[in-house]
Amino acid sequence: MERSPKLSAKKSRIRLLHQYYSYTGFYAFIKSSLGKVIVPISLFIIGLWLVHLYVIDFHDLFTSITTTYSPLIILSVFLATESLLGLVPPEIFIAWAGKTNTPIVYLSILALISYLGGIISFFEGKAISKVPSMKAYFEVKMAKHMKMIRKWGGFLIIVGALLPIPFAMTSIAAGLIHYRFRNYLLFGLLRFVRFYLYAIVIFNIF
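Rules used throughout
- Every chain is numbered on its own, with residues counted from 1 as its sequence reads.
- Reporting of local features is limited, given that this is a predicted model, to residues whose pLDDT is at least 70; pairs of side-chain atoms are given and counted only at 80 or more, and all residues count toward the totals for whole chains, interfaces and linings.
- Calculation of side-chain values draws on the structure's entire complement of heavy atoms; hydrogens and water are dropped beforehand.
- Going along the chain from the N terminus, every DSSP run of H or I of four or more residues is numbered as a helix, and every run of E of two or more is numbered as a strand.
- Residue contacts follow a heavy-atom distance rule, with two residues in contact if any of their heavy atoms lie within 4.5 Å.
- For accessible areas, the Shrake-Rupley method is used with a probe of radius 1.4 Å. Any residue's cover is judged against the shown protein chains and nothing else.
- When the centres of two rings from Phe, Tyr and Trp lie within 6.5 Å, Trp using its six-membered ring, the rings pair. Their planes under 30 degrees apart give stacked, over 60 give edge-to-face, and anything left gives tilted.
- Classification of residues uses two cut-offs on accessible area relative to the type maximum, computed with a 1.4 Å probe and protein chains only: under 20% is buried, over 50% is exposed, and between them is partly exposed.
- Every case where a carboxyl oxygen of Asp or Glu lies within 4 Å of a side-chain nitrogen of Lys or Arg is listed as a salt bridge.
- Here a polar contact is taken to be a pair of N or O atoms separated by no more than 3.5 Å, where protein atoms must pair a possible hydrogen donor with a possible acceptor and residues adjacent in sequence count only if both atoms sit in side chains.
- Here a patch means residues that are over 30% exposed by relative accessible area and free of salt bridges, tied together within 9 Å if like-charged and within 5 Å if nonpolar (Val, Leu, Ile, Met, Phe, Trp, Tyr).
- Buried residues of nine kinds, namely Ala, Val, Leu, Ile, Met, Phe, Trp, Tyr and Cys, make up a nonpolar core once their side-chain atoms join them within 4.5 Å.
- By this rule the span expected of a helix is its residue count minus one, scaled by 1.5 Å.
- Axes here mean lines fitted to C-alpha atoms, for a helix over just the part in contact, with angles spanning 0 to 180 degrees between N-to-C directions.
- When describing relative orientation, an angle under 35 degrees is termed roughly parallel and one over 145 degrees roughly antiparallel, while 65 to 115 degrees is termed roughly perpendicular and anything else oblique.
- When the near helix sits turned anticlockwise from the far one by under a right angle, the crossing is termed left-handed; a clockwise turn instead gives a right-handed crossing.
- Here the term charged refers only to Asp, Glu, Lys and Arg, the term nonpolar to Ala, Val, Leu, Ile, Met, Phe, Trp, Tyr, Cys and Pro, and the term polar to all other amino acids, Gly among them.

Undergrad: Give me the overall build of the protein: which residues, what numbers.
TA: Of the regular secondary structure elements, the protein holds 12 helices and zero strands. Shown N-terminal to C-terminal, the secondary structure of the protein runs as helices and strands in the order α-α-α-α-α-α-α-α-α-α-α-α. Of the contacts formed within the protein by residues at least 6 apart in sequence, a portion of 74% connects residues at least 24 apart. Surface summary for the protein: the accessible area is close to 12,300 Å², and the carbon and sulfur share equals 70%.

Below, the structure written as structure tokens:
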């Protein structure tokens, strides 16, 4: 049976995209980025495990946090961190959500806040692009991110949304180059997938 022209065209397009991302170093960039974060994340997890064993029980800690601070305060802190370069690992907040009375609800809110934080970062990038001195500074500091997003666009946003690569940095870079906002919103939705996967694999929220 002959292949349908539509299926063949689709396979050819996928093959061409694969070749393009291979030649332009996209896969090497992903490998390098993951290599840089795997060790720190592994050390962070080991450190948390040791603290949990010998210093403080995280179950008691998060139970105390949920009874001491209102969810609004904790969610506000998370929004601030997700809008300012993602300074605090979201895994801590996911663990907090796991100790609440309605973990799935709070996990979904965290995912939404992270998504909104990325949008805020996107507009931070657009605002920076309108101030020549700040634009010049960030173009130097974020030269690699800007080069990558100009080259790979949506695929870099997808990677930033799914993998432990600073999503805020990718979002700021997208805003700096005035990446198409509609496409950014679409690709950024994969941020929700990351949160649910983390909850399933690491914290057993479901």
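Undergrad: Outline the packing of aromatic side chains, listing residues and values.
TA: Per the counting criterion, the structure on display carries 11 aromatic pairs. Ring centres of Phe167 and Tyr184 lie 6.3 Å apart, and the angle between their planes is 10°; this geometry places the pair in the stacked category. Pair noted here: Phe167 is in helix 10 (residues 167-176) and Tyr184 is in helix 11 (residues 181-188), with a separation of 17 residues, a long-range link. Pair check on accessibility: Phe167 and Tyr184 agree, each one buried. Arranged with centres 6.4 Å apart and planes meeting at 15°, the rings of Phe181 and Tyr184 form a pair that is stacked. Here Tyr184 and Phe181 lie together in helix 11, a separation of three residues that amounts to about one turn. Counting every residue linked through ring pairs, the aromatic cluster contains Phe122, Phe123, Phe167, Phe181 and Tyr184.

Undergrad: So what about the pattern of salt bridges? Which residues, and what values?
TA: For the coordinates displayed, the defined rule picks out one salt bridge. Arg191 is paired through a salt bridge with Glu82; the nearest N and O atoms lie 3.3 Å apart. Separated by 109 residues along the polypeptide, Arg191 in helix 12 (residues 190-203) and Glu82 in helix 4 (residues 71-83) bring together distant segments of the chain. Neither residue differs from the other here; Arg191 and Glu82 are each classed as buried.

Undergrad: Before we move on, could you go through the side chain of Glu82 and cite the residues and values that matter?
TA: On the accessibility criterion, Glu82 (7% relative accessible area) is buried. Among the polar contacts made by the side chain of Glu82, one reaches the side chain of Arg191 at a distance of 3.3 Å. With near-sequence residues (within four places) excluded, Glu82 lies in contact with Val88, Ser114, Gly117, Gly118, Ser121, Ala168 and Arg191.

Undergrad: If you had to explain the environment of Leu163 to someone new, which residues and values would you point to?
TA: Following the sequence through the fold, Leu163 ends up in the loop between helix 9 (154-162) and helix 10. Leu163 gets classed as partly exposed once you look at its relative accessible area, which sits at 26%. Remark: the alpha-carbon pair of Leu163 and Arg191, spanning 28 residues in sequence, is separated by 9.1 Å.

Undergrad: I'd love a proper account of a nonpolar patch on the surface, names of residues and values included.
TA: Together, Leu43, Ile46, Leu50 and Tyr54 line one region of the surface with nonpolar side chains, adding up to about 450 Å² of accessible area. Take Leu43: it is sitting in helix 2 (residues 26-54).

Undergrad: Quick one: what's the story with the nonpolar core, residue by residue and with numbers?
TA: Membership of the largest hydrophobic core comes to 21 residues, with the highest contact counts inside it found for Met142, Ile149, Ile157, Ala174, Tyr179 and Tyr184. Secondary structure elements with two or more residues in this core: helix 6 (103-129), helix 8 (143-152), helix 9 and helix 10. Non-local contacts of Ala174, meaning those with residues more than four positions away in its chain, are made with Phe122, Ile149, Ile157, Tyr179 and Tyr184. Among the nonpolar cores identified, the runner-up in size contains 15 residues, and Ile74, Ala97, Leu110 and Ala199 belong to it.

Undergrad: A description of helix 4 should follow, citing residues and the corresponding values.
TA: Note that an α-helix has 3.6 residues per turn; residues three or four places apart therefore point the same way. The terminal C-alpha atoms of helix 4, which comprises 13 residues, lie 18 Å apart, in line with the 18 Å expected from a rise of 1.5 Å per residue. Residues of helix 4 that are buried include every one of Ile74, Leu75, Phe78, Thr81, Glu82 and Ser83, and no others. Immediately downstream of helix 4, the backbone of Leu85 shows phi near 70°, a positive value.

Undergrad: Explain the packing of helix 8 against helix 10 residue by residue, including any values.
TA: Running from N to C, helix 8 and helix 10 point in directions that differ by 70°, and their axes come no closer than 9 Å. Relative to helix 10, the element helix 8 is oriented roughly perpendicular. Relative to helix 10, helix 8 is oriented so that their crossing is right-handed. Where helix 8 approaches helix 10, its residues His145, Met146 and Ile149 are matched on the opposing element by Met169, Thr170, Ala173, Ala174 and Leu176. Tallied by class, residues from the contact of helix 8 with helix 10 come to six nonpolar, two polar and no charged.

None of the figures reported here should be taken as evidence of function without further support.
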